[in-house]
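Residue-level structure breakdown
Letter by letter, the chains look like this.
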Amino acid sequence: MMQARLRSPNLSAATLQDMINGLALDAVVLGLDHPVDAPALEHQIDPLAIDYLVAGSRLGSKVLSRRWAQSQDPVVQNAKTYFSQPSDPTLWPATCRALSDIPVAHARAAYIVKDARTLFQLFISVSENVASRKDATL
């Protein structure tokens, strides 16, 4: 969904596609192979807002992957595609440079912040949807 709402190409397009593919494979292993309804986005998302989320999430995934690897649940252990994906060490610095090139008072800066918040809310909504579906099967 995020890729479809882009105004123009972004730094993280390849990483985002890899993440989507990895998450889809892991979802099947975890028994979450049915699509999750996500709220519709009302406008095109600024590519730097997506880069910010993708680059930041890859950094966070490094931390979470250690916890995931410690799980004793064999199903969780088999759902390792997303966490075993390599990270592009240039993505976060490139995103930070691109963001720092935009003056704080510029209208685009406000749009990027708004779009990043919109994307965080999208993730919250989807994770709540997944959690409620998982709870319903327990």
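In this text, all values refer to a predicted model and were calculated from it rather than measured experimentally. (Residues numbered from 1 in each chain as written. Predicted model: local features only at pLDDT ≥ 70, side-chain atom pairs only at ≥ 80, totals over all residues. Heavy atoms only, no water.)

**Quick look at the packing of aromatic side chains**
Considering all chains together, one arrives at 3 aromatic pairs under this definition. Geometrically, the ring pair formed by Tyr52 and Trp92 is tilted, given 5.9 Å between the ring centres and 40 degrees between the ring planes. Highlighted residues: Tyr52 in helix α2 (residues 47-69) and Trp92 in helix α4 (residues 91-100), separated in sequence by 40 residues. Residue Tyr52 is classed as partly exposed on the basis of its relative accessible area of 34%. Residue classification places Trp92 among the partly exposed residues on the basis of a relative accessible area of 30%. Where Tyr82 meets Phe83, the ring centres are 5.2 Å apart and the plane angle is 75 degrees; that geometry is what we call edge-to-face. Members of the aromatic cluster, joined through ring pairs, are Trp68, Tyr82 and Phe83. Sitting above the plane of the Tyr82 ring, Arg58 keeps its charged end 5.0 Å from the centroid. (Phe/Tyr/Trp six-rings, centres within 6.5 Å; stacked < 30°, edge-to-face > 60°. Helix = DSSP H or I, 4+ residues; strand = E, 2+ residues; numbered from the N terminus. Buried < 20%, exposed > 50% of the residue type's maximum accessible area, 1.4 Å probe, protein only. Lys NZ or Arg CZ within 6 Å of the ring centre and 35° of its normal.)

**Topic: the environment of Val54**
Structurally, Val54 can be placed in helix α2. In this structure the C-alpha to C-alpha distance between Val54 and Leu11, which are 43 residues apart in sequence, comes to 9.5 Å.

**Here's the deal with the pattern of salt bridges**
Evaluated as defined, the whole model comprises 1 salt bridge. Measuring nitrogen to oxygen at the nearest pair gives 2.7 Å for the salt bridge that ties Arg108 to Asp46. With a gap of 62 residues between them, Arg108 in helix α5 (residues 107-137) and Asp46 in the loop between α1 (13-29) and α2 connect regions that are remote in the sequence. Look at Arg108 and you get partly exposed, because its relative accessible area is 29%. Judged by its relative accessible area of 1%, Asp46 is buried. (Salt bridge = Lys/Arg side-chain N within 4 Å of Asp/Glu carboxyl O.)

**Comments concerning the confidence of the model for the protein**
Summing up the model confidence of the protein, the mean pLDDT is 83 and the portion of residues at 70 or higher is 84%. Within the protein, α4 carries the highest mean pLDDT (94), whereas α5 carries the lowest (83). Contacts of residues 1-7 to residues separated by more than four positions or lying in other chains number 30 contacts, the stretch itself having pLDDT below 50. (pLDDT = per-residue confidence, 0-100. Contact = heavy atoms within 4.5 Å.)

**As for the packing of α2 against α4**
Interaxial distance between α2 and α4 falls to 9 Å at its minimum, and their mutual angle equals 145 degrees. Crossing geometry of α2 relative to α4 is assigned as left-handed. Counting all contacts with α2, which are made through Leu48, Asp51, Tyr52, Val54, Ala55, Gly56 and Leu59, the residues of α4 involved are Leu91, Trp92, Thr95, Ala98 and Leu99. When its residues are assigned to classes, the contact of α2 with α4 shows 9 nonpolar, 2 polar and 1 charged. (Axes fitted to C-alpha atoms, helices over the stretch in contact; angles between N-to-C directions. Left-handed = near helix turned anticlockwise from the far one by under 90°. Nonpolar A, V, L, I, M, F, W, Y, C, P; charged D, E, K, R; others polar.)

**Some remarks on α1**
When the terminal C-alpha atoms of α1 are compared, their 25 Å separation across 17 residues agrees well with the 24 Å that a helix rising 1.5 Å per residue should span. Directly beyond the C-terminal end of α1, a positive phi value near 80 degrees is found at Gly31. (Expected span 1.5 Å × (residues − 1).)

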